[in-house]
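Spelled out from the first residue to the last, the chains are:
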Amino acid sequence: LTADQFVSGLAKVRRTAPGEWVACCPAHEDRSPSLAVKEADDGRILVHCFAGCSFESVVSAAGAKPEELFPAKPMQKDHAPRFPFNPATVLRALAFNATIVAIAASDMAQGKQLTVEEKDKLFDIAGEFNEAVSYATR
Ligand SMILES: [Zn+2]
């Protein structure tokens with residue numbers, strides 16, 4: 001499986017850098033891209049959902065098997081770059097969230113009450129940003 005083939009099965013795919021994409025995550029209800037995908041130099045396909053879905057759940061929801069994303073030889077942990085994704089990819093995966101927050105703020109300024117779902121979504125968004133920070137600094 002190539003990274004091209006992997007992302008071709010996903011929704012709202014957008015290339016953010018050479019060999020890097022964002023797309024809607026197939027493992028959760030994702031209306032805007034939260035999933036970063038990268039073809040590593042050694043041929044591995046790296047995926048990361050900024051909403052917190054596990055690697056296994058993303059891969060199986062995409063109809064693939066974990067071993068299809070990795071070359072035959074076992075990967076060495078210390079070969080994995082600490083922060084593999086281009087910052088543009090991460091920002092793209094989070095960008096739409098800022099718009100949702102702005103819309104909610106504008107609604108609230110007009111005296112509109114948030115629904116429970118909208119409030120939950122805002123908390124999820126805070127979680128995604130925190131996830132991105134811990135991902136970038138681990
Ligand atoms: Zn997800």
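The rules behind these values
Residues numbered from 1 in each chain as written. Predicted model: local features only at pLDDT ≥ 70, side-chain atom pairs only at ≥ 80, totals over all residues. Heavy atoms only, no water. Pairing = 2+ DSSP bridges. Helix = DSSP H or I, 4+ residues; strand = E, 2+ residues; numbered from the N terminus. Axes fitted to C-alpha atoms, helices over the stretch in contact; angles between N-to-C directions. Buried < 20%, exposed > 50% of the residue type's maximum accessible area, 1.4 Å probe, protein only. Salt bridge = Lys/Arg side-chain N within 4 Å of Asp/Glu carboxyl O. Donors = N, O, S within 2.8 Å, 3.2 Å for Na, K, Ca; no water. Tetrahedral: all angles 85-135°; square planar, octahedral: opposite > 155°, others 65-115°.

Draft legend 1. Main features of the sheet that holds strand β1 (residues 14–17). Taken together, 4 strands build an open sheet; the order of strands is β1-β2-β3-β4 and the sheet is antiparallel. With partners counted over all chains shown, the strands left at the sheet margins are β1 and β4 (45–49), one partner each. In this sheet, adjacent strand axes meet at a mean angle of 25° when their direction is disregarded. With 3 bridges joining them, β1 and strand β2 (residues 20–23) adopt antiparallel strand pairing.

Draft legend 2. Up close: the pairing of strand β3 (residues 35–39). Burial within β3 is extensive, with 4 of its 5 residues counted as buried. Bridge analysis of β2 against β3 gives 4 bridges, and the strand direction is antiparallel. Paired with Trp-21 across the strands is Val-37, a residue of β3. With 5 bridges connecting them, β3 and β4 associate as antiparallel partners. Bridge pairing in β4 places Val-37 opposite Val-47.

Draft legend 3. Layout of the pattern of salt bridges. Evaluation of the coordinates by the stated rule reveals 3 salt bridges. Taking the shortest distance from any N to any O, the salt bridge between Glu-20 and Lys-38 comes out at 3.1 Å. Linking Glu-20 in strand β2 with Lys-38 in strand β3, this pair joins segments that are 18 residues apart in sequence. In this structure, Glu-20 and Lys-38 share a single accessibility class: buried. Here Asp-42 ties to Arg-44 by a salt bridge, and the two come within 2.8 Å at their closest N and O atoms. Look at Asp-42 and you get partly exposed, because its relative accessible area is 40%.

Draft legend 4. Structural context of the coordination of the zinc ion. The coordination sphere of the zinc ion contains the protein donors Cys-25 (SG), His-28 (ND1), Cys-49 (SG) and Cys-53 (SG), at a distance range of 2.0 to 2.3 Å. Given 4 donor atoms and angles of 102 to 119° at the metal, the environment of the zinc ion is assigned as tetrahedral. Here the donor residues for the zinc ion map to a single chain with the spacing C-x2-H-x20-C-x3-C. With His-28 in the loop between β2 and β3 and Cys-49 in strand β4, this pair connects stretches of sequence that are 21 residues apart. Using a relative accessible area of 2% as the deciding quantity, one classes Cys-49 as buried.

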